[in-house]
Amino acid sequence: MVREQLAGRDIGSAAVLRAMRRVPRHLFVPEARQRNAYEDTPLPIGEGQTISQPYMVAFMTQALHLGRGDKVLEIGTGSGYQAAVLSQLTDSVYTIEIVEPLGEAARTRLQELGYGKVQTRIGDGYNGWPEEAPFDAIIVTAGAEEIPQPLVDQLAAGGRMVIPVGPHRGVRDLVLLKKRRNGKVVQESLMAVRFVPFTRKNRP
Ligand code: SAH
């Protein structure tokens, strides 16, 4: 997976490749899907949600340019896989999931697999995690129609955010947003992507 799908494409960060090599993706997907866990594809994780394609996890992680002491917030815990990957790059990982059974299962899984340092929360990630702000990096793993302002507000000066943005259920732009040292916010579009939708209410 790492050699062909990541290093063979444009994942050049040795730290990201190492993190992707270390985290056992098959332990984050339902048993019936485990034999597909290292294929170049997203997989269902229950509740109508999916774990992103390995390449997308690596690409978004690389775009965050994490340093060891960086504090990172993920919106959309899902299986917990992306959070586990982030935890290989920094000790300070916070993640929020809106669908309670997924959030609970991910919390337990992260504990059991030795990623207990990851801080998990059930709730609407639109509002971020104000008590822990500011964050050096924010990664949103669900497709939003617009960039939630609370997340921009909770980004530290010098911080980076990656978020898929675009019309409901359509192809979205993977946006990299940076907050400069002087507070000015700039953004660029990295690629076209498809993601499960960012929701505001816990509905099936
Ligand atoms: N990062 C996950 C995959 C995420 S799929 C992994 O590695 O497995 C996107 C997730 O975002 C879904 O679990 C979905 O329930 C969640 N989500 C959608 N809208 C949300 C919101 N407003 N706040 C928090 N989580 C949200």
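Residues numbered from 1 in each chain as written. Predicted model: local features only at pLDDT ≥ 70, side-chain atom pairs only at ≥ 80, totals over all residues. Heavy atoms only, no water.

Asks: What exactly am I supposed to notice about the site of the ligand here?
Replies: Taken together, 26 residues surround the ligand, and among them S79, E97, D124, G125 and T199 come closest. In this structure, an oxygen atom belonging to the ligand sits 3.0 Å away from a main-chain N or O atom of Q82. In the complex, the protein chains occlude 99% of the 580 Å² of accessible area that the ligand would expose alone. Counting atoms within 2 Å of the grid points, the majority share of the ligand lands in the largest pocket. With three residues, the top contributor of residues to the shell around the ligand is strand β2 (residues 49–51). Here the residues of the shell around the ligand are counted per class, giving eleven nonpolar, twelve polar and three charged. (Near = heavy atom within 4 Å. Polar contact = N/O pair within 3.5 Å; in protein donor to acceptor, adjacent residues only side chain to side chain. Areas by Shrake-Rupley, 256 points an atom, 1.4 Å probe, with all protein chains shown as cover. 1 Å grid on protein atoms, 1.4 Å probe; cavity = no way out; pocket = protein on both sides within 12 Å on 5 of 7 lines; lining within 4 Å. Sits in = over half its atoms within 2 Å of the grid points. Helix = DSSP H or I, 4+ residues; strand = E, 2+ residues; numbered from the N terminus. Nonpolar A, V, L, I, M, F, W, Y, C, P; charged D, E, K, R; others polar.)

Asks: Can you walk me through the pattern of salt bridges in this structure?
Replies: Two side chains of opposite charge can pair, provided their charged atoms sit close to one another. Throughout the structure, instances matching the rule amount to eight salt bridges. With a closest N to O distance of 2.8 Å, E132 and K71 form a salt bridge. Taken together, the positions of E132 in the loop between β5 (119–122) and β6 (135–140) and K71 in strand β3 (residues 71–75) put the pair 61 residues apart, joining distant regions of the chain. The class of E132 is partly exposed, set by a relative accessible area of 24%. Close ionic contact of R107 with E104 constitutes a salt bridge, the shortest N to O distance being 3.6 Å. Within this pair, R107 and its partner E104 are both found in helix α5 (residues 100–112), separated by three residues, close to a single helical turn. Judged by relative accessible area, R107 falls into the partly exposed class, the value being 30%. (Salt bridge = Lys/Arg side-chain N within 4 Å of Asp/Glu carboxyl O. Buried < 20%, exposed > 50% of the residue type's maximum accessible area, 1.4 Å probe, protein only.)

Asks: Help me out: how do you make sense of the pairing of strand β8 (residues 172–179) in this one?
Replies: Within a regular strand, side chains alternate between the sheet's two faces. Summarising burial for β8: six of the eight residues are buried, a large majority. One ladder, built from six bridges, connects strand β7 (residues 155–165) with β8; its direction is antiparallel. When the sheet's bridge partners are listed, V165 is paired in β8 with D173. Hairpin remark: β7 followed by β8, antiparallel, with six residues in the connecting loop; positive phi at R169, about 60°. Inspection of the sheet shows β8 paired to strand β9 (residues 185–193) by eight bridges, in the antiparallel sense. Bridge pairing in β9 links R172 to V193. (Pairing = 2+ DSSP bridges.)

Asks: What should I look at first to understand the layout of surface pockets in this one?
Replies: Take a probe with the size of a water molecule and roll it over the atoms, and the empty space left behind shows itself. By volume, the largest pocket amounts to about 940 Å³. As for the largest pocket, its lining consists of 44 residues, and the residues nearest its centre are Q49, T141, A142, V196 and P197. Elements represented by at least two residues in the lining of the largest pocket include exactly β2, α3 (54–63), β3, α4 (81–87) and β4 (92–97). Examining the composition of the lining of the largest pocket, we find that three residues originate from one element, β2, more than from any other. Of the residues contributing to the lining of the largest pocket, the split by class is 18 nonpolar, 17 polar and nine charged. Put simply, the second largest pocket is a space of about 160 Å³. Lining of the second largest pocket is provided by Y126, G143, A144, E145, E146, P148, H168, R172, P197, F198 and R200. Of the residues in the lining of the second largest pocket, the class split is five nonpolar, two polar and four charged. (Points joined across faces, edges and corners; volume = space filled by probe spheres on them.)

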